[in-house]
Amino acid sequence: MTIEFTRRVMLGALPGLGLGGVAVAQSTGSRIARPTDIAAYLEAWIDTYGRPTAKVMLNGAGPFSFMVDTGSTTTVIAQRHVATLGAPIVGMATVAGTTGVAEAQVAMLERIEAGAVNKQDLRVAVLPDANIPQMDGILGADVFAAKRLVFDIQKKAVRIEGSQRSARTSSRSNMRVRNGLLAEIDGRVGAVRAKLMLDTGAERCIINTQLSEALRKAHPRLVRVDGAQLIGVTGHVVPGEHIALPEVEARAFAVDFATAVVADAPIFSLWGLDNEPALIVGVNLLSRLRSFSIDYGARTFDAILMPA
């Protein structure tokens, strides 16, 4: 049996763009002012790679530390835990990540518990320990779909709650769920309108070539530096270009300074975003918010900015 799963990215280190000094991003009204040090806000999360983690119980054992990845449609477990948990291998899967695809085993978990989640008989992809060395697994949208995720940046915590969907919240929906699982909002990067994919599994923002070319025309003086690499959990590498973005704005927030990697990554095609400007919003931008929530049931995204 072969099942097609979608898995996200682990990004290589971001070289400096020539911006020195040390400062923390400050909020000004409804937007965040430009910091003078890119590195000042990249280490907001508790795990080594700078991405949000949650405590998860598997088959009654644990807790295990799983990265909460809103860019992943499928939950993943590290190979080292399969035998210990007595999780049988039930087939193979094609794991499709940002940079390419790879074959992976599929294991069956009797139960997975995390916050408001309590699921039985869940099929999960198994990845080699070397591909996810700093975590026990990756929590995907197959587990938290229809739930509400609340990310507290300052407390470095993630809560999985029941959706707040109601007649009142449905009227203020500001988010779509692409392919049934991926959180998407409308936004603007400088003068260019774009689709923004909210991806807590991405350490840094990624923009597709369509958005890059639109920004080249609208903002020709943006700083661009060659030499970026996207290193996926499948082991594939995609070359790219670092770019200092103009203001990124959505209904819930506006950030005056952010950086991204420009790359012709296969994930854009997989998500149907290869023909329009699109930005994968990574943790380097999201961690500059005080907190944010993604409610898959109510189709809402809310954010609170850092205090001044």
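The text that follows walks through the structure, step by step, so that each part is easy to find. (Residues numbered from 1 in each chain as written. Predicted model: local features only at pLDDT ≥ 70, side-chain atom pairs only at ≥ 80, totals over all residues. Heavy atoms only, no water.)

## A word on the side chain of Asn174
Here is step 1 of the chain: Structurally, the position occupied by Asn174 is in the loop between α3 (167-170) and β14 (176-178).
Here is step 2 of the chain: The class for Asn174 is buried, based on a relative accessible area of 16%.
Here is step 3 of the chain: Reaching out from Asn174, the side chain makes a polar contact with the backbone nitrogen of Phe301 at a distance of 2.8 Å.
Here is step 4 of the chain: In this structure, Asn174 is in contact with Ile185, Arg251, Arg299, Thr300 and Phe301, ignoring residues within four places of it in sequence. (Helix = DSSP H or I, 4+ residues; strand = E, 2+ residues; numbered from the N terminus. Buried < 20%, exposed > 50% of the residue type's maximum accessible area, 1.4 Å probe, protein only. Polar contact = N/O pair within 3.5 Å; in protein donor to acceptor, adjacent residues only side chain to side chain. Contact = heavy atoms within 4.5 Å.)

## A look at the environment of Leu305
Here is step 1 of the chain: Looking at where Leu305 falls in the secondary structure, it is placed in strand β25 (residues 300-305).
Here is step 2 of the chain: Once the C-alpha coordinates of Leu305 and Ala252 are considered, the two residues, 53 residues apart in sequence, prove to be 9.2 Å apart.

## Considerations on unusual backbone geometry
Here is step 1 of the chain: Between Gly62 and Pro63 the backbone carries a cis peptide bond, its omega angle lying at 10 degrees.
Here is step 2 of the chain: Despite not being glycine, Asp121 shows a phi value in the positive range, around 50 degrees.
Here is step 3 of the chain: Tracing the backbone through its elements, the reader meets Asp121 in strand β10 (residues 117-127).
Here is step 4 of the chain: Look at Asp121 and you get exposed, because its relative accessible area is 56%.
Here is step 5 of the chain: In this model, Arg299 sits at a positive phi of 60 degrees, which is unusual for a non-glycine residue.

## Observations regarding the sheet that holds strand β13 (residues 157-162)
Here is step 1 of the chain: Ordered by their spatial adjacency, four strands build an open sheet running β13-β12-β24-β25, and the pairing between neighbours is antiparallel. Each edge of the open sheet is held by one strand with a lone partner, namely β13 and β25. The average angle at which neighbouring strand axes cross in this sheet is 10 degrees, direction not considered.
Here is step 2 of the chain: Judged from the six bridges that link them, strand β24 (residues 289-295) and β25 form a sheet pairing that is antiparallel. (Pairing = 2+ DSSP bridges. Axes fitted to C-alpha atoms, helices over the stretch in contact; angles between N-to-C directions.)

## Some remarks on the pattern of salt bridges
Here is step 1 of the chain: Applying the stated criterion across every chain yields a total of 14 salt bridges.
Here is step 2 of the chain: The partner of Asp136 in a salt bridge is Arg80, with the nearest N and O atoms 3.4 Å apart. Taken together, the residues span a long stretch of sequence, with Asp136 in the loop between β10 and β11 (137-139) and Arg80 in the loop between β7 (76-78) and α1 (82-85) at a distance of 56 residues.
Here is step 3 of the chain: Residue Asp136 is classed as buried on the basis of its relative accessible area, which comes to 15%.
Here is step 4 of the chain: Salt-bridge contacts for Glu213 lead to Arg216; the nearest nitrogen and oxygen are separated by 3.5 Å. Note that Glu213 and Arg216 are positioned in helix α4 (residues 209-218) at a spacing of three residues, about one turn of the helix.
Here is step 5 of the chain: Owing to a relative accessible area of 40%, Glu213 belongs among the partly exposed residues under this scheme.
Here is step 6 of the chain: We classify Arg216 as partly exposed; its relative accessible area is 38%.
Here is step 7 of the chain: Taken together, the shared-partner salt bridges in this structure form one network comprising Arg176, Arg178, Glu184, Asp186, Lys195 and Glu276. (Salt bridge = Lys/Arg side-chain N within 4 Å of Asp/Glu carboxyl O.)

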